[in-house]
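Reading the structure
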Amino acid sequence: MVMNHDTRVYDNIVEMLPDEANPSPMVRINRLGATSGFPLYAKLEWMNPFGSVKDRAALGMLRDLQHRGALRNGRGLVEPTSGNTGISLAALGAALGYPVRAVVPERVPEEKKAILRILGAELDVVADALCPMPGQTGGGTINLAKTHAKAQPDRYVMPNQYENPENVLAHFRTTGPEIWRQTEGKITHLFVSLGTCGTVSGTSRFLKGRNPAVKVIAVQPSEGHDIPGLRNTSELDVSTLFDRTLIDDIVEIPYELACVRVLDLCRREGLLAGPSSGLVLEGALRAQTDGARGLGVMIFPDGLFKYVGYIAKHVKGITEEALF
Amino acid sequence: MPYAHPEVLVETDWVKENIGKPGIRLVEVDVDLQAYDAGHIPGAVGFNWQKDLQDQLTRDIISRAAFEKLLGGAGISPSDTVVLYGDNNNWFAAYGFWLFKIYGHENVKLMNGGRQKWLNEQDKTFTKDKPYHSPVLYTAKPPNEGLRARLSEVIGASGERNPNLVDVRSNDEYTGKIIAPPGMSETAQRAGHIPGAVSVPWSTAVDKDGRFKSAEELAEIYLKKGGIDSKKPVIAYCRIGERSSHTWFVLKYLLGIENAKNYDGSWTEYGNLVAVPIEK
């Protein structure tokens with residue numbers, strides 16, 4: 001048997017990673033705000049082999065390090081992550097034979113920490129900064145990962161998703177072309193959340209290259225939010241990949257709505273989405289209400305399962321309450 | 001316009017040149033030792049701000065005897081030049097500097113830009129190796145209480161508007177929108193600030209690379225815009241006394257306000273007082 005996307009037969013899990021020939025699925029929203037003038041499609045990134053949009057950046061960065069010979073002699077990877085990039089790298093490392101050390105902030109969901117340990121990643125959990133400096137959220141994990149790479153250069157190389165242009169290129173090469181093909185060039189609006197900004201920068205650059213009229217709307221949680229992996233623009237100093245010229249509008253959504261929309265997606269669409277997807281949906285629905293016309297695509301970064309504890313913390317009645 | 005006491009600052013390049021020279025010692029002071037254990041400047045010993053520099057039973061700075069034990073155990077002599085650096089923009093290193101000065105260590109300096117600047121410079125290295133320094137007998141001086149503001153003095157300063165009080169926390173903490181920075185446990189009953197205190201967040205003192213701004217810029221920020229009278233005594237406070245050490249260092253050593261004190265009790269003490277008013 002040979003690798004074949006039609007029959008879904010592969011020689012190696014790495015071959016399953018998405019690209020134009022093997023795109024992640026797009027599913028139309030039907031019961032939540034369906035209009036003929038502005039249909040909305042969700043691009044389900046949790047259908048990627050390791051469960052999130054980060055599979056794309058992880059593979060791009062890892063391939064680049066391989067090509068540059070940075071992973072020879074048993075050297076592994078160390079990376080700061082809110083979980084998904086670490087999971088993608090750890091799984092790729094498992095398939096390709098590289099050890100991975102992930103540095104995560106304490107507030108990352110327990111499920112993600114457990115998955116990283118199950119995958120065999122060495123894990124550093126960094127206490128959330130005592131009195132963080134505005135704009136430096138994430139500084140502790142980035143600095144600790146850099147420290148490992150600097151103190152043990154023979155053991156670790158750091159891809160550094162916050163500054164690595166391969167993170168942007170991965171989306172320019174895959175996410176953008178996939179959406180263009182899947183919508184037959186009809187996309188008018190892209191809705192995307194902000195984290196490292198690799199997704200928004202790479203996808204936007206590709207789509208605007210094909211059609212400069214495509215509107216790119218970044219959806220961000222309100223300040224003080226606790227949604228894993230997302231950043232408010234006030235926290236974006238850590239990323240050099242944020243390029244405001246590739247974004248038409250930045251919409252701020254009260255972060256509490258993320259969980260409300262997760263329930264809507266699960267209960268009314270059968271889409272088992274995570275909180276960042278809920279936030280992106282809210283941003284798209286607002287554009288719809290404001291009279292947007294055309295065809296909207298929402299990038300749903302990951303799925304529900306890693307956030308059971310997070311949802312239970314924010315929504316009453318999800319877990320059995322203790323009796324007092 | 002030079003800093004009032006430029007000798008208390010050294011640059012990362014100077015540290016690189018002077019690593020291992022006799023009489024020069026490096027100490028990394030961090031919120032905990034996770035970062036130090038992962039990698040530090042060769043030859044540096046690591047101090048844990050909470051466990052090594054504070055007495056957890058008395059909620060106080062460590063005693064003179066404990067300070068002597070800590071430094072002697074690290075092989076530091078009173079005549080050594082000690083260069084301090086650390087995480088979080090040198091907050092904890094600045095607290096260490098304040099403590100070293102309280103116990104009269106003559107030659108102590110901060111590495112400008114702290115751990116992060118060194119980390120981001122290609123020509124600088126880190127090691128995981130912990131250095132061994134033979135213990136010495138260290139004799140400290142009696143504590144210089146003149147560097148430390150106590151509650152009674154702060155309450156007096158609040159009423160009289162003298163000394164100047166500087167709140168170095170974020171604007172949201174100063175105005176009472178939040179009690180503690182996001183993600184931190186709220187260790188005070190009330191949100192707001194000490195009546196009469198001006199707000200100059202600590203972060204306004206540094207550039208993006210973590211180095212202190214120029215003397216001209218600092219004078220503009222603290223004296224002109226912040227309204228601090230450099231002829232009067234001044235007291236800096238924050239939430240737990242580490243960010244305010246950073247500002248205290250700026251006021252006393254970079255701007256040369258001789259009578260500058262750090263109120264290490266800070267908001268976790270003042271914000272919990274019974275029958276003492278605050279402002280929002």
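Residues numbered from 1 in each chain as written. Chains lettered and ligands numbered in written order. Predicted model: local features only at pLDDT ≥ 70, side-chain atom pairs only at ≥ 80, totals over all residues.

The next point concerns the overall build of chain A. Along the backbone of chain A there are 9 helices and 10 strands. Its C-alpha atoms give chain A a radius of gyration of 19 Å, within 12% of the compact-globule value 20 Å for 324 residues. Taken along its principal axes, the extent of the C-alpha atoms in chain A is 60 × 55 × 40 Å. Scored against the burial criterion, the 324 residues of chain A give a buried share of 52%. In chain A, once contacts between residues fewer than 6 apart in sequence are set aside, the share between residues at least 24 apart is 71%. (Helix = DSSP H or I, 4+ residues; strand = E, 2+ residues; numbered from the N terminus. Rg over C-alpha atoms; globule rule 2.2 N^0.38 Å. Buried ≥ 20, exposed ≤ 12 C-beta atoms within 10 Å, placed from the backbone. Contact = placed C-beta atoms within 7 Å.)

This part takes up the overall build of chain B. Tallying secondary structure elements over chain B gives 11 helices and 11 strands in all. Taking 280 residues into account, the globule formula puts the C-alpha radius of gyration at 19 Å, and chain B, at 18 Å, falls close to it. Projecting the C-alpha coordinates of chain B onto the three principal axes gives extents of approximately 50 × 40 × 35 Å. Per-residue burial over chain B gives 46% buried out of 280 residues. Contacts in chain B between residues at least 24 apart in sequence constitute 74% of all its contacts with a sequence separation of at least 6.

Turning our eyes to something else, we now look at the domain arrangement of chain B. Residues and elements named next belong to chain B. If you check the domain split of chain B, you get domain 1 (6-145) and domain 2 (148-270). On a C-alpha basis, the centres of domain 1 and domain 2 stand 23 Å from each other. Across the contact, 18 residues belong to domain 1 and 15 residues belong to domain 2. Elements that contribute at least two residues to the side of domain 1 that touches domain 2 include exactly helix 5 (87-102) and helix 6 (114-119). Looking at the side of domain 1 that touches domain 2, the element that brings in the most residues is helix 5, giving 9 residues. Its residues placed into classes, the side of domain 1 that touches domain 2 shows 10 nonpolar, 6 polar and 2 charged. (Domains from an automatic or database assignment. Nonpolar A, V, L, I, M, F, W, Y, C, P; charged D, E, K, R; others polar.)

All names here are of chain B. One can describe the packing of helix 5 onto helix 10 (residues 243-254) by two numbers: an axis separation of 7 Å at closest approach and a directional angle of 65 degrees. The way helix 5 lies across helix 10 gives a crossing that is left-handed. Contact residues: Asn90, Trp91, Ala94, Tyr95, Phe97 and Trp98 in helix 5; Arg243, Ser245, His246, Trp248 and Phe249 in helix 10. When the residues that make up the contact of helix 5 with helix 10 are grouped by side-chain class, the tally is 7 nonpolar, 3 polar and 1 charged. (Axes fitted to C-alpha atoms, helices over the stretch in contact; angles between N-to-C directions. Left-handed = near helix turned anticlockwise from the far one by under 90°.)

Turning to the environment of Phe38(A), a few remarks are in order. All names here are of chain A. Its location among the elements puts phenylalanine 38 in the loop between strand 1 (26-28) and strand 2 (40-44). Among the residues examined, phenylalanine 38 registers 21 C-beta atoms within 10 Å and is labelled buried. Distance in space between the C-alpha atoms of phenylalanine 38 and alanine 287 is 9.4 Å, their sequence separation being 249 residues. If we skip the residues at most four places from it in the chain, phenylalanine 38 touches Gln288, Ala292, Arg293, Gly294 and Gly296.

Residue and element names in this part refer to chain A. One can describe the packing of helix 1 (residues 54-67) onto helix 2 (residues 84-96) by two numbers: an axis separation of 8 Å at closest approach and a directional angle of 55 degrees. Put simply, helix 1 runs oblique to helix 2. Like other packed secondary-structure pairs, helix 1 and helix 2 cross with a definite hand, here right-handed. Residue-level inspection shows Lys54, Asp55, Ala57, Ala58, Leu59 and Leu62 of helix 1 in contact with helix 2, the latter providing Asn84, Thr85, Ser88, Leu89 and Leu92. Residues of the contact of helix 1 with helix 2, tallied by class, amount to 6 nonpolar, 3 polar and 2 charged. (Parallel < 35°, antiparallel > 145°, perpendicular 65-115°, else oblique.)

Residue and element names in this part refer to chain B. Pairing within the open sheet is parallel, and its 4 strands lie in the order 9-8-10-11. If you trace the sheet from one side to the other, it starts and ends with strand 9 (198-199) and strand 11 (260-262), each paired once. Examined bridge by bridge, strand 8 (residues 164-167) and strand 9 share 2 bridges and lie parallel to one another. If you follow aspartate 167 over to strand 9, its bridge partner there is serine 199. (Pairing = 2+ DSSP bridges.)

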